[in-house]
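Each chain is listed here by its residues.
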Amino acid sequence: RVALVIGNNNYQRPLSVLYNPINDAKAMKYVLEKRGFEVMYDANVTKREMRLELEKFYKKIKNGGVGLFYFAGHGMELEGKNYLIPIDATPKKRIDVEFDSLPLDRITKNMQRATMRPYTVLGKKYYPTKVSIGDSFSGVASWYGPNFQNKLTSNGVYYNMHAMTAAHKTLP
């Protein structure tokens, strides 16, 4: 399980300096480490530094398991698209937001692309299905049950039938 945690608060004008993001990011890092995550942490990053950290993160989650991305800092929504703002951004016009910031949907797509690999269970190959908010499916879901308690799942986590643990990102 790998997490990338970024906290930005040292912004330049016209953006205001923030006071809590680094503290929030450090708190999240602490909680995730206590939960067994390998945490990649950075603070006050430029767009280039953020992109480099994200590329390292995508490579790590490509090996399987769980990936979690946490960002504390300025964000912006423009024409229905969300952007994360690095500390070197100085948006004065709409076009600046697109050039100076990182689109959140690109980050989530890259995370999904890094982890959506075919897998084999009992000799049968499965291909994960890309799903979006609002999609619905019907069928039979698998459940490991009490005999699988505290055993390693195919997702790389130990199964706990009394907690919200995932057996796998997709069926079965």
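Parameters and conventions
- Residues numbered from 1 in each chain as written.
- Predicted model: local features only at pLDDT ≥ 70, side-chain atom pairs only at ≥ 80, totals over all residues.
- Heavy atoms only, no water.
- Helix = DSSP H or I, 4+ residues; strand = E, 2+ residues; numbered from the N terminus.
- Buried < 20%, exposed > 50% of the residue type's maximum accessible area, 1.4 Å probe, protein only.
- Core = buried A, V, L, I, M, F, W, Y, C linked by side-chain atoms within 4.5 Å.
- Contact = heavy atoms within 4.5 Å.
- pLDDT = per-residue confidence, 0-100.
- Salt bridge = Lys/Arg side-chain N within 4 Å of Asp/Glu carboxyl O.
- Patch = residues over 30% accessible without salt bridge, like charges linked within 9 Å, V, L, I, M, F, W, Y side chains within 5 Å.
- Areas by Shrake-Rupley, 256 points an atom, 1.4 Å probe, with all protein chains shown as cover.
- Lys, Arg positive; Asp, Glu negative; His and termini not counted.
- Charge placed at Lys NZ, Arg CZ, Asp CG, Glu CD.
- Expected span 1.5 Å × (residues − 1).

The subject of this paragraph is unusual backbone geometry. Residue Pro14 is bonded to the preceding Arg13 through a cis peptide linkage, with omega at 15 degrees. If you trace the backbone, Pro14 turns up in the loop between strand E1 (2-7) and helix H1 (21-34). Of note in the backbone geometry, Asn44 takes a positive phi value of approximately 50 degrees without being a glycine. By the secondary structure assignment, Asn44 is in the loop between strand E2 (38-43) and helix H2 (47-61). By relative accessible area, Asn44 is classed as partly exposed at 23%. In this model, Glu79 sits at a positive phi of 55 degrees, which is unusual for a non-glycine residue. Along the polypeptide, Glu79 turns up in the loop between strand E4 (75-78) and strand E5 (81-84). Exposure remark for Glu79: the relative accessible area of 64% places this residue in the exposed category.

Moving on, we come to the nonpolar core. Ranked by size, the top nonpolar core spans 25 residues in total, and within it Leu54, Phe57, Phe69 and Ile107 carry the most contacts. Secondary-structure elements contributing two or more residues to this core are E1, H2, strand E3 (67-72), E5 and helix H4 (104-115). For this core, the element with the most residues is H2, which contributes five residues. When sequence neighbours within four positions are dropped, the list of residues in contact with Leu54 reads Leu4, Phe69, Leu102 and Ile107.

With 86% of its residues at a pLDDT of 70 or more, the chain has an overall mean of 83. Per-element averaging of pLDDT across the chain places strand E7 (residues 119-121) at the bottom with 75 and E2 at the top with 96. Contacts for the low-pLDDT stretch residues 168-172, under 50 throughout, to residues beyond four places or in other chains number 18 contacts.

Right, let's get into the pattern of salt bridges. Applying the stated criterion to the full structure yields four salt bridges. One salt bridge in this structure joins Lys60 and Glu38, with 2.4 Å as the shortest N-O distance. Here Glu38 lies in strand E2 and Lys60 lies in helix H2, a separation of 22 residues in the sequence. Accessibility expressed as a relative area gives 36% for Glu38, which makes it partly exposed. Salt-bridge contacts for Arg94 lead to Glu79; the nearest nitrogen and oxygen are separated by 2.5 Å. Remark: Glu79 occurs in the loop between E4 and E5 and Arg94 occurs in helix H3 (residues 94-100); sequence separation between them is 15 residues.

Take a positive patch on the surface next. Positive charge collects at one region of the surface, where Arg51, Lys59, Lys62, Lys81, Arg106, Lys109, Arg113, Arg117 and Lys130 lie side by side. For the positive patch, the elements supplying multiple residues, two or more each, are H2 and H4. Here the element with the most residues in the positive patch is H4; it accounts for three residues. Here Lys130 is to be found in the segment after strand E8 (124-126). By relative accessible area, Lys130 is classed as exposed at 53%.

Here we come to H2. Here H2 contains 15 residues, and its C-alpha end-to-end distance of 21 Å stays within 8% of the 21 Å for a straight helix at 1.5 Å per residue. Those residues of H2 hidden inside the fold are in contact with E1, E2, E3, strand E6 (102-103) and H4.

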